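Structural description and commentary
One-letter residues, chain by chain:
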Amino acid sequence: MAGLTQKSLNDETEKQWLFSADYVQPFGKEGKYELGLRSSFRDMSNDFFVTEKDSTGLFQPLDSLNNNFLYDENINAAYAIIGNKINRFSYQFGLRAENTDIKTTLEQTNESNPRNYTNLFPSAHFTYKLAHENSLQISYSRRVRRPRYNDLSPFMTFSDNRNFSSGNPDLNPEYTDAYELGHVKFFDKGSFASSLYYRYTTDKIDRIRRVNSEGFAATRPENLVDEHSFGAEFTSSFTLTKWWKLDFNVNFFRAITDGSNIQADYQSDTYAWFTRQTSRFSLAKKTDIQIRASYEAPRKTPQGEVKSLFFTDLSVSKDLFKGQGKLILNVLDVFNSRRFRSITRGENFFTESNGQMRLRQINLTLNYRLNQAQQVTRRRIGGEEE
């Protein structure tokens, strides 16, 4: 039997508008309250077109595979924050109200999936300052993680003739309630923070792999019941010398995942940890070097395990033209070690994966500022994860 020759065109477009307004009013000696509105509108189109070579050598369209996926997202939100400090005690309360209106459409087959929902995202943070530059902190916040566009697109990606992957237009966002108890110690040259946390996530998103009786595998994201995560995190920031600043983070955690809505035994209970460090060197002649290293320990998943991951990034920058310009050299994944390795098991399959989405990447950029623009700091508002 002769093999088939097919070609596919995946044409994506995206338009996004963002409008926001903020108001800040101080009160008392150290208090203030904030009010704000924010609206974002996103329209995306993914035109998927497949052709197949016929007996005459010409490529003919396959109407059963061709479609246009439309994604329309409208999010309107309002938030309020109030905070104050009374002697050694400080507090901040926040509330974000959000309405989300999403519609996905497969144009050729007229399949539509509209969704409209409203959520509240409260937050509360308390800090008590102790003697000798110590502070205790306790906090609560509710957060949302929305599916990305690729998580929703239903079109299949073929890694080979037996393994397919796609998004899921029926995917719902994750919601997380996060509780944290922490301690911060300040030094002359830096700080050290430690915390204990608990996070409860509903509609946890995970990629599910299924293999049919003919050996064809399909992988797509789906919502699980929930996940409980317990952990301890340690963060430090020190200026070791005039020219060397070191940031360090290590996180130990236990995650219990329940996917019994997919399959009764689709569950996991794992202990794992990860660590990250960033070193910043300020050298002579206005030259800066930054080295960032990251390691993630292996962890269990409901369908198998994810193996360890290590990578290092490097950045070198130098001011030019009396501070008006900057030359930047970035090397992503210096040792070419950022390989995603995993084992996935099922009743009728065993899969071992070893892949790399992007090889070592080197970028050289020259920036020149005609006018010195005022730097604007972007914040995360309420419980939205951007």
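Now for a look at the structure at hand.

Reading the values: the criteria
- Residues numbered from 1 in each chain as written.
- Predicted model: local features only at pLDDT ≥ 70, side-chain atom pairs only at ≥ 80, totals over all residues.
- Heavy atoms only, no water.
- Salt bridge = Lys/Arg side-chain N within 4 Å of Asp/Glu carboxyl O.
- Helix = DSSP H or I, 4+ residues; strand = E, 2+ residues; numbered from the N terminus.
- Buried < 20%, exposed > 50% of the residue type's maximum accessible area, 1.4 Å probe, protein only.
- Phe/Tyr/Trp six-rings, centres within 6.5 Å; stacked < 30°, edge-to-face > 60°.
- Lys NZ or Arg CZ within 6 Å of the ring centre and 35° of its normal.
- Core = buried A, V, L, I, M, F, W, Y, C linked by side-chain atoms within 4.5 Å.
- Contact = heavy atoms within 4.5 Å.
- Pairing = 2+ DSSP bridges.
- Axes fitted to C-alpha atoms, helices over the stretch in contact; angles between N-to-C directions.
- Polar contact = N/O pair within 3.5 Å; in protein donor to acceptor, adjacent residues only side chain to side chain.

Comments concerning the pattern of salt bridges
Taken as a whole and assessed by the stated rule, the structure comprises 15 salt bridges. Here Glu73 ties to Arg42 by a salt bridge, and the two come within 3.2 Å at their closest N and O atoms. Highlighted residues: Glu73 in strand E4 (residues 67-86) and Arg42 in strand E2 (residues 31-53), separated in sequence by 31 residues. Here Glu73 and Arg42 have matching classes, each one buried. The residue Arg210 makes a salt bridge to Glu222 at a minimum N-O spacing of 2.5 Å. In this pair, Arg210 is assigned in strand E12 (residues 205-211) and Glu222 in strand E13 (residues 217-223), connecting sequence segments 12 residues apart. On the basis of relative accessible area, Arg210 is assigned to the partly exposed category, the value being 40%. Classification of Glu222 as buried rests on a relative accessible area of 10%. Each member of the salt-bridge network shares a partner with another, and the members are Arg96, Glu98 and Arg146.

With respect to the packing of aromatic side chains
Within the structure shown, the criterion is met by 20 aromatic pairs. Within the aromatic cluster, the residues linked to one another by ring pairs are Phe89, Tyr91, Phe93 and Phe126. The lysine or arginine in question, Lys185, covers the ring of Phe187, its NZ or CZ lying 5.6 Å from the ring centre. Directly above the ring of Tyr197 sits Arg199, whose terminal nitrogen or CZ lies 4.0 Å from the centroid.

Quick notes on unusual backbone geometry
With a phi close to 60°, His132 is a non-glycine residue in the positive phi region. Mapped onto the elements, His132 comes out in the loop between strand E6 (111-130) and strand E7 (134-145). Phi at Glu133 is positive, roughly 60°, even though this residue is not glycine. On the basis of relative accessible area, Glu133 is assigned to the partly exposed category, the value being 43%.

What about the nonpolar core?
The nonpolar side chains of soluble globular proteins are, as a tendency, buried together. In terms of nonpolar packing, the biggest core is built from 13 residues, with Phe69, Tyr71, Tyr149, Leu152 and Phe155 touching the most fellow members. Sorting the residues of this core by element identifies E2, E4, strand E5 (89-106) and helix H1 (149-152) as the ones contributing at least two each. In terms of residue count, E2 provides more of this core than any other element does, 3 residues in total. Contact partners of Tyr149, with chain neighbours within four places excluded, come to Glu12, Met44, Ser45, Asn46, Phe69 and Tyr71. Membership of the second largest hydrophobic core comes to 5 residues, among which are Tyr197, Ala255, Ala272 and Phe274.

As for the sheet that holds strand E18 (residues 299-301)
Strand order in the open sheet formed by 4 strands is E18-E19-E22-E23, and the pairing between neighbours is antiparallel. The outermost strands of the open sheet, each flanked by one partner alone, are E18 and strand E23 (349-355). Taking the axes of each pair of neighbouring strands and ignoring which way they run, one obtains an average angle of 20° across the sheet. Direction of pairing for strand E19 (residues 304-306) relative to strand E22 (residues 340-346): antiparallel, over a ladder of 3 bridges. Bridged to Glu305 within E22 is Ile343.

Section: the side chain of Glu227
You can see Glu227 is positioned in strand E14 (residues 226-241). A relative accessible area of 14% places Glu227 in the buried class. For Glu227, the side chain forms a polar contact with the side chain of Thr257, separated by 2.8 Å.

Some remarks on the pairing of E2
In this sheet, E2 lies alongside strand E1 (residues 6-27) in antiparallel orientation, the contact comprising 22 bridges. Its bridge partner lying in E2, Phe19 is registered against Ser39. Between E1 and E2, which pair antiparallel in sequence order, lie 3 residues; one of them, Gly28, sits at a positive phi of approximately 60°. Where E2 folds back onto strand E3 (residues 59-61) in an antiparallel hairpin, the turn is made up of 5 residues, including Gly57, whose phi is positive at roughly 90°.

Note that all results are geometric; they support no functional claim without further evidence.
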